[in-house]
Amino acid sequence: MKVLLTGSEGYIGAVMRDVLLNAGHAVTGLDTGFFKECDFGDAPTAIPVLVRDVRSVSESDFEGFDAVIHLAALSNDPLGNLEPGLTEEINTQGSIRVAEMAKAAGVRRFLFASSCSLYGQGEALGLTEEATPNPQTPYAHSKIDFERALHALADDSFSPTYMRNATAFGVSPRLRFDIVVNNLCGCAWTTGKIGMTSDGSPWRPLVHVQDISRAFLLALEAPRDVIHDEAFNIGSTANNIQIRDIAYKVQAQMPECEVTFGNSDGDTRTYNVDFTKIETRLPGWNTTGYSIDRSITEFLEAFEQLQTKDEDFKGRLYTRLRQIEHLQSSGLIDSQLYWSKA
Ligand SMILES: NC(=O)c1ccc[n+]([C@@H]2O[C@H](COP(=O)([O-])OP(=O)(O)OC[C@H]3O[C@@H](n4cnc5c(N)ncnc54)[C@H](O)[C@@H]3O)[C@@H](O)[C@H]2O)c1
């Protein structure tokens, strides 16, 4: 298939492109390029990229594509709090523009990178796709708001799928240290300790970035009736874990690393998610190859090879908010995150 991959230049996109290419799909990226200089090790595999802001895409950008995989977004809660309204403008309104233009151009499949964070503070363990969303942040609100807008566009010619990803982990050529497993690995490697301000009790569902990529591939190739207007939680029951247990897993591979906890810091986000639907309905799905333990090993090997240092861990390249703030303070992008005219 001819696939347009928005957000191609980010953490997940840099991995997903290879999974799609290796399966024989033709991949074109679309991205504004906030993190194009943020390589971790080798650069991602080269693909053609349309340099666009999702807020100003046009129908012609989507002509000739069979499917759109939509990853482009302000991708976490700290970014969501950057400037009031920006997350809504980019993640909700910009995404609606992407979907409307794609549909108008005749694109038949639209896979949206939604998030399990829309479940917010779960009232029960084992939240299914039927659970009532309880978003706690502008970011989580943007995900459920766009899912609803996308649902309104579903018809015989246009099949949206809501891929509710667990929190990603794992090495990528566009690494992020601002997600939990990656952060704890980087922290342990560069400082020799993991000092948590919280008590580590919140639940998080986690999924390896390779598995997210494979889930999108499977949904792309699945029969239409399996994916049409359907939500899937993307992850595995085995990787529903309390944050303190991630710290202990890191410590198990770095025994000299000290782990300490504080009192709960008021983070109300805790959710434990059920993955039965993807496990039973999406042919070919399993995540057994990419455990958290294996990923910690993968990180330690990468840190050793790349001689990762404290300044890499704390610097701007691998923390999305810091890179955006750097682009703004350098005058490269404005307060609305548009590139400044040269
Ligand atoms: N990483 C996770 O743990 C996780 C979990 C659940 C859902 N998701 C979703 O998956 C998607 C990808 O996440 P990621 O971790 O790769 O994030 P990322 O920040 O690494 O990548 C996002 C990409 O979107 C691009 N982008 C941002 N605003 C844009 C705009 N206005 N126009 C065009 N491009 C724009 C950025 O330049 C970047 O390359 C996001 O939608 C995110 O919300 C991620």
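See the structure above.
Throughout what follows, the structure given in this document is the object of discussion. Given the structure is predicted, the values throughout are model-derived calculations rather than measurements.

Next up on the list: the packing of aromatic side chains. Applying the stated criterion across every chain, the model contains 13 aromatic pairs. Relative to Y318, the ring of F40 lies with its centre 5.5 Å away and its plane at 90°, an arrangement referred to as edge-to-face. Here Y318 lies in the loop between α11 (310-314) and α12 (320-329) and F40 lies in the loop between β2 (26-31) and β3 (49-51), a separation of 278 residues in the sequence. On the accessibility criterion, F40 (7% relative accessible area) is buried. Plain terms: the ring middles of F110 and F146 are 6.2 Å apart, the flat faces sit at 65° to each other, and that makes the pair edge-to-face. One end of the pair, F110, is in strand β5 (residues 109-115); the other, F146, is in helix α4 (residues 138-153), and 36 residues separate them in sequence. For F110, a relative accessible area of 0% gives the class buried. A relative accessible area of 0% means that F146 is categorised as buried. Of the aromatic side chains, those joined through ring pairs into one cluster are F40, F177, W189, F299, F303, F313 and Y318.

Below, the discussion takes up α4. Over its 16 residues, α4 extends 23 Å from the first C-alpha to the last, a length consistent with the 22 Å expected when each residue adds 1.5 Å. Three or more residues of α4 are buried, namely Y139, A140, S142, K143, I144, F146, E147, L150 and L153.

Our next topic: the pattern of salt bridges. Applying the stated criterion to the full structure yields 15 salt bridges. Notably, a salt bridge pairs D293 with K249, separated by 3.3 Å at the nearest N-O pair. Pair noted here: D293 is in helix α10 (residues 292-306) and K249 is in helix α8 (residues 243-253), with a separation of 44 residues, a long-range link. Linked through salt bridges whose partners overlap, the residues forming this network are E9, R17, D39 and R174.

Another aspect to go through is unusual backbone geometry. Even without a glycine there, the phi angle at Q307 is positive, about 50°. Following the sequence through the fold, Q307 ends up in the loop between α10 and α11. Q307 gets classed as partly exposed once you look at its relative accessible area, which sits at 47%. Residues other than glycine seldom take positive phi values, yet L337 does so here, at roughly 70°. Along the chain, L337 turns up in the segment after α12.

What counts, and where the lines are drawn
Residues numbered from 1 in each chain as written. Predicted model: local features only at pLDDT ≥ 70, side-chain atom pairs only at ≥ 80, totals over all residues. Heavy atoms only, no water. Phe/Tyr/Trp six-rings, centres within 6.5 Å; stacked < 30°, edge-to-face > 60°. Helix = DSSP H or I, 4+ residues; strand = E, 2+ residues; numbered from the N terminus. Buried < 20%, exposed > 50% of the residue type's maximum accessible area, 1.4 Å probe, protein only. Expected span 1.5 Å × (residues − 1). Salt bridge = Lys/Arg side-chain N within 4 Å of Asp/Glu carboxyl O.

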